[in-house]
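Examining the three-dimensional arrangement
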Amino acid sequence: MAALSLQKHINKQLYDKWDLAYLYTDKNLKVVEVSDGLTLYGYPEIPLGCEVEDYVDFMVGFDASTRVDLPLVESPSGITVAVNLIPSKRGLAIVFSNASHLAEQRQLLQQKANENELLLRQQRILTHRLEQASKELEGKNEALREAARLQNSFLSGVSHEFRTPLSSIIGYTNLLERETHNPDKNPEAYANCRSYLRAVKRSSKHILSLVENLLDHGKLDADQIVIRPKPCDLHEVFDDIRLLLSPLAGTKNVEFTLQTNFEPGCMVIADDSRLRQCLLNIVGNAVKFTDKGSVTLKAELNRELLSIEVIDTGEGISKDNLAKIRIPFFQVADTGKAGTGLGLTITEGLIELMGGELVIRSELHQGTQVSFELPMPLLEAEALAMPEPSIDIDQLKVLLAEDDSDIADLLVMLLDEQNIEVTHVSNGALALEASEHEQFDLILMDLHMPVMDGYQAMEAMQKGGNTVPVAVMSASNLSEDRLQAQQYGCAAYLTKPVEIEEILLLANQLTSEA
Amino acid sequence: MDKKKVCMVGDFSVGKTSLTQKFVNNVFSEQYLTTIGVKIDTAIVDETKLIVWDVAGRDSLSPINLSYLVGASGIALVADGTRPETVDDLHSIWDTVEKRIGKVPTVVALNKRDLPEWSVTPEQIQSLKERGWIVFETSAKEGVEVEGLFTQLCRLIQ
Ligand SMILES: Nc1nc2c(ncn2[C@@H]2O[C@H](COP(=O)(O)OP(=O)(O)OP(=O)(O)O)[C@@H](O)[C@H]2O)c(=O)[nH]1
Ligand SMILES: [Mg+2]
């Protein structure tokens, strides 16, 4: 059988005129015969009687009984050969034939096939990536469309919000105008006027809070809000919320409860106005969206950590909407309750700035729980012993530089009521001149004025050796504006609208220091 | 000197030839030239002459190609770390090899470690280790762990 196959093989090779070579070994794989052609394939001259594997590397691992065909083997000469091991009774025949032709063909085909497969694979990956990228883009597009939609609804919401109080202001001022034209001023007319004025004030305050919200939101976005912790009475903050929101809850027959584990006079270091703003928003929302049942505000101060929880029995928020309420401008549709849709975004940002994290748990028809924790250092006892400033500002002389005559008139009138003597000028140059000719106790300086602005005036005053404290009144609450004003030597920085109480407090501080 | 036959086995273009050439001749080529049949090289490791059979990856499981493995003392399974499917293929390749030549010492090279497209998962490596194989993350291009691979294989079969 083996001999026959060898015969067949040899015949075929001969027939094809392949360059045939062979090697015979005995049972111990010692070389007994070598054909001439073997050196053509790069094998060395092999002395008879030697171990075949010492001269032919590929023989390592085979024994004399191995019957195997090795169709394509690169020989030392580089020519590809076919090798057949054919065992027989006497030993092993190792037959070499030239397979370079076959190898060349195979090489071409296999190279193409492999490269194609690699390319196809690459293509599949790229296609997959493209698909994913386009999916991602689609998602982003959708998000952009949603943002644009929200922006639009925000704008129309804001416009609407402004229109309502503004119309009411215009309406009531018309009424006031008519009422004050009336020559016979009876008590009833006065009462009317007062209620119209209250309405105007309410609407104005509403607009102011709208504007403040919008500004805060812009600043949060631009990382420009600075938290200013200062000593404050923590209980007072919560009591304010109660005072502000109880009436609203009362009109809706919603029970409002405040629970704290601290007493009035509990002094901490916190930015009370920002904390108040957050609480007002969260508790305000709770009251707004609760139509029956209760709203509870719980505050606990333990080891300088303030934990706050607001629990209501209101409508609750659906899962869908819960995911969206943190998006700026988002408002749950069909509640019929207007707002800017910014309150919660701002509150969340502020709480984060103060070192906390807002957590909202809610289910539709199950009420809502909002909670957060803030680090809250207690004020040390010695700092508490500061004397209360006593307000005694009679006979004070104030220079007011303000180009807006309405604001100026108002301030002049309010200061006048306090027996403070006010000189009003309408730009920086006039302020400078006045300060050089007359002695004042305090200068109130607007920043943006024609002819010479507030900064320039302050600079000139500084050069002129002015010692009178200057308080800047600015519409901007940005920290860099504060800093700049300080560099020009201002003693205080008031943000508009400036309340008379602030001026009085300041006047008192400045004059008591002096 | 002791002589041992070892075979490089794995899918096409995973770097069998590159690893062999790096180890034997310290050369590397970016160009891909597929191996036809088998190329045999030798190297001396720890007093042992290793006869390295660099077998074509294409059709590596065909009976014809399996005949190249007869007489092997050890196997280096090679996969391309940037083509994770070639790593998974190692399991079935080895099962077929085992049927033909029985259990022989085996090491694994996850090659092309230098490429950023490297994407072998820890689970894949774990499943290779569970079969008792020592896994090398090699780069024929940068010569990383190439020595380690062959030296380890040589130690296993000595
Ligand atoms: N970057 C990089 N490329 C490599 C590495 N190893 C191999 N390659 C490249 O991968 C391709 C295939 O390498 P080969 O060594 O020919 O692969 P093979 O496993 O012998 O392939 P077949 O002979 O077809 O079975 C070539 O283009 C090599 O340059 C490596 O470690 N890093
Ligand atoms: Mg190759």
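Our structure is the block above this text.
These remarks concern the structure in this document. (Residues numbered from 1 in each chain as written. Chains lettered and ligands numbered in written order. Predicted model: local features only at pLDDT ≥ 70, side-chain atom pairs only at ≥ 80, totals over all residues. Heavy atoms only, no water.)

Looking at the overall build of chain B
This is how the line gets drawn: Only DSSP runs of H or I reaching four residues or more are called helices, and only runs of E reaching two or more are called strands; each is numbered from the N terminus. Exposed residues in this analysis have more than 50% of their type's maximum accessible area, buried residues have under 20%, and partly exposed residues fall in between, with area computed by a 1.4 Å probe over protein chains only. Any two residues whose heavy atoms approach within 4.5 Å are treated as being in contact. Per-residue and other accessible areas were derived by the Shrake-Rupley procedure at a 1.4 Å probe size, with only the shown protein chains allowed to occlude residues.
A tally of helices and strands in chain B yields five helices and six strands. Each helix and strand of chain B, ordered N terminal to C terminal, gives the series β-α-β-β-α-β-α-β-α-β-α. In chain B, which comprises 158 residues, the share counted as buried stands at 56%. Contacts in chain B between residues far apart in sequence, at least 24 positions, make up 71% of those at least 6 positions apart. Surface accessibility of chain B: about 6500 Å² in total, with carbon and sulfur atoms responsible for 49%.

With respect to the coordination of the magnesium ion (ligand 2)
Residue and element names in this part refer to chain B. Using the following cut-off: Only N, O and S atoms count as donors, using a 2.8 Å cut-off from the metal and 3.2 Å for Na, K and Ca, and because water is excluded some sites may appear unfinished.
Within the protein, the magnesium ion (ligand 2) binds to T17 (OG1) and T35 (OG1); these donor distances fall in the range 1.9 to 2.0 Å. With a gap of 18 residues between them, T17 in helix α1 (residues 16-25) and T35 in the loop between α1 and β2 (38-45) connect regions that are remote in the sequence. Judged by its relative accessible area of 26%, T17 is partly exposed. Residue T35 is classed as buried on the basis of its relative accessible area, which comes to 13%.

Things to note about the interface of chain A and chain B
Using the following cut-off: As a working definition, buried area equals the accessible area (1.4 Å probe) given up by two parts on being put together, with both sides summed. Salt bridge, as applied in this entry: a Lys or Arg side-chain nitrogen positioned within 4 Å of an Asp or Glu carboxyl oxygen. Polar contacts, as used here, are pairs of N or O atoms within 3.5 Å; protein pairs need one atom able to donate a hydrogen and one able to accept it. Residues neighboring in sequence count only if both atoms are side-chain atoms. Should DSSP find at least two bridges between two strands, the strands are taken to pair.
With 26 residues of chain A at the interface, the matching set in chain B holds 30 residues. Taking both sides of the interface into account, the surface hidden between chain A and chain B amounts to around 2400 Å²; carbon and sulfur atoms contribute 57%. Sorting the residues of chain A by area buried against chain B places V60(A), Q110(A) and R121(A) first, and these three jointly supply 22% of that buried surface. For the pair chain A and chain B, the number of links is five salt bridges. Note that D57(A) is salt-bridged to K49(B), the shortest N-O span being 3.4 Å. Taken together, the connections running from chain A to chain B amount to 16 residue pairs in polar contact (both at pLDDT 80 or more). Put simply, the parts of the chain that give the side of chain A that touches chain B at least two residues each are β3 (68-74) and α2 (100-181) of chain A. The element that contributes the greatest number of residues to the side of chain A that touches chain B is α2(A), accounting for eleven residues. In terms of strand pairing, β3(A) meets β2(B) through two bridges, oriented parallel.

What to know about the pattern of salt bridges
Residue and element names in this part refer to chain A. This model, assessed by the stated rule, comprises 22 salt bridges over all chains. With its nearest N and O atoms 3.6 Å apart, the salt bridge here joins D69 to R67. Classification of D69 by relative accessible area gives partly exposed; the value is 38%. Where D291 meets K252, a salt bridge forms, and the shortest distance between an N and an O atom there is 3.3 Å. Separated by 39 residues along the polypeptide, D291 in the loop between α5 (272-288) and β9 (293-302) and K252 in the loop between α4 (234-251) and β7 (254-260) bring together distant segments of the chain. Taken together, the shared-partner salt bridges in this structure form one network comprising K230, D240, D271, D272 and R276.

Points about a negative patch on the surface
All names here are of chain A. Here is the rule: Residues enter patches when they are more than 30% accessible in relative terms and free of salt bridges; like-charged ones are connected within 9 Å and nonpolar ones (Val, Leu, Ile, Met, Phe, Trp, Tyr) within 5 Å. Only four residue types enter the tally: Lys and Arg on the positive side, Asp and Glu on the negative side; His and the chain ends are excluded. Charge positions come from single atoms, namely NZ of Lys, CZ of Arg, CG of Asp or CD of Glu.
Together, D403, D404, D406 and D409 line one region of the surface with negative charge. Relative to the helices and strands, D404 is located in the loop between β13 (397-401) and α9 (405-417). In this structure D404 comes out as partly exposed when scored by relative accessible area, which is 34%.

Thoughts on the packing of aromatic side chains
Our working rule: Aromatic pairing here means that ring centres of Phe, Tyr or Trp (its six-membered ring) are within 6.5 Å. Orientation follows from the plane angle: under 30 degrees is stacked, over 60 is edge-to-face, and everything else is tilted. Any Lys NZ or Arg CZ that is within 6 Å of a ring centre and within 35 degrees of that ring's normal is treated as a charge sitting over the ring.
Applying the stated criterion across every chain yields a total of eleven aromatic pairs over all chains. Plain terms: the ring middles of Y43(A) and F96(A) are 5.3 Å apart, the flat faces sit at 55 degrees to each other, and that makes the pair tilted. Residue Y43(A) is located in the loop between β2 (31-34) and β3, and its partner F96(A) is located in strand β5 (residues 91-98); the two are separated by 53 residues in the primary sequence. Consider the rings of F62(A) and W53(B), whose centres lie 6.1 Å apart with planes at 80 degrees: the pair is edge-to-face. Here F62(A) is found in the loop between β2 and β3, whereas its partner W53(B) is found in strand β3 (residues 48-55) on a different chain. Classification of W53(B) as buried rests on a relative accessible area of 0%. One aromatic cluster is present, formed by Y43(A), F58(A) and F96(A) through successive ring pairs. Directly above the aromatic system of F12(B) lies the positively charged group of R58(B), at a separation of 4.9 Å from the ring centroid.

Quick word on the environment of A434(A)
Residues and elements named next belong to chain A. Here A434 is to be found in helix α10 (residues 428-437). By relative accessible area, which is 13% here, A434 ends up buried. A sequence separation of 33 residues divides A434 from A401, and the C-alpha atoms of the two residues are 10.0 Å apart. Dropping the residues within four chain positions of it, A434 is found in contact with L399, V425 and F440.

Examining the site of ligand 1
Put simply, the rule reads: Nearness of a residue to a molecule or strand requires only that one of the residue's heavy atoms be within 4 Å of it.
Of all residues adjacent to ligand 1, which total 25 residues, the nearest are K16(B), S18(B), S29(B), E30(B) and Y32(B). Residues close to ligand 1 are split across chains A and B. Take G57(B): an N or O atom from its main chain is 2.8 Å from an oxygen atom of ligand 1. At 2.7 Å from a nitrogen atom of ligand 1 is found a side-chain nitrogen or oxygen belonging to D114(B). Here ligand 1 loses 95% of its free accessible area of 650 Å² to cover by the protein chains.

A word on the nonpolar core
Generally speaking, a soluble globular protein has its nonpolar side chains buried in company with each other. Our working definition: Take the buried residues of types Ala, Val, Leu, Ile, Met, Phe, Trp, Tyr and Cys, join any two whose side-chain atoms come within 4.5 Å, and each joined set is a nonpolar core.
Ranked by internal contacts, the top residues of the largest apolar core, which has 58 residues, are F58(A), M59(A), I94(A), F96(A), W53(B) and L110(B). It is helix α3 (residues 84-101) of chain B that provides the largest number of residues to this core, a total of five residues. Leave out the neighbours within four places in its chain, and F58(A) touches Y43(A), L70(A), V83(A), I94(A), F96(A), I40(B) and W53(B).

Considering the pairing of strand β15 (residues 442-446) of chain A
On a regular strand, one side chain projects to one face of the sheet and the next to the other, so that they alternate. Residue and element names in this part refer to chain A. Spelled out, the test is: When the strands point away from the viewer and the connection leading from the first strand across the helix to the second strand turns clockwise, the crossover is called right-handed.
Within β15, five of the five residues are buried, leaving the element largely enclosed by the surrounding structure. The sheet contact formed by β13 and β15 spans four bridges and is parallel. Looking at the pairing, V398 lines up with L442 of β15. The pairing of β15 with strand β16 (residues 470-474) spans four bridges and is classified as parallel. Among the inter-strand pairings, I443 is bridged to a residue of β16, identified as V470. In this fold, the crossover linking β15 to β16 by way of helix α11 (residues 454-463) has right-handed handedness.

Observations regarding the sheet that holds strand β17 (residues 492-495) of chain A
Residue and element names in this part refer to chain A. To keep things clear, this is the line we draw: Axis lines are fitted to C-alpha atoms, over the contacting stretch for helices. Their N-to-C directions set the angle, which ranges from 0 to 180 degrees.
Spatial strand order, β14-β13-β15-β16-β17: five strands in an open sheet with parallel pairing. Only two strands of the sheet have a single neighbouring strand rather than two, namely β14 (421-425) and β17. Across the sheet, the axes of successive neighbouring strands diverge by a mean angle of 20 degrees, strand direction being ignored. Sitting on the sheet, α10 is in contact with β13, β14 and β15, with an inclination near 160 degrees to β13. Running at roughly 145 degrees to β15, α11 makes contact with β15 and β16 of the sheet.

Brief notes about the packing of α5(A) against helix α7 (residues 343-353) of chain A
All names here are of chain A. Under the convention used in this document: Any angle from 65 to 115 degrees is called roughly perpendicular, while one under 35 is roughly parallel, one over 145 is roughly antiparallel, and all others are oblique. Handedness of each helix crossing follows the sense of rotation of the near helix against the far helix: counterclockwise by less than a right angle gives left-handed, clockwise gives right-handed. As a working rule, the residues Ala, Val, Leu, Ile, Met, Phe, Trp, Tyr, Cys and Pro are called nonpolar, Asp, Glu, Lys and Arg charged, and the rest polar, with Gly in that last group.
For the pair α5 and α7, interaxial distance at closest approach is 9 Å and the crossing angle is 140 degrees. Comparing their axes, α7 and α5 come out oblique. Regarding α5 and α7, the two cross each other, and that crossing is left-handed. Seen from α5, the contacting residues are R274, Q277, C278, N281 and I282; seen from α7, they are G343, L344, I346, T347, L350 and I351. Each residue belonging to the contact of α5 with α7 can be placed in one class, and the counts come to six nonpolar, four polar and one charged.

Take it as geometry only, folks, not as evidence of what the structure does.
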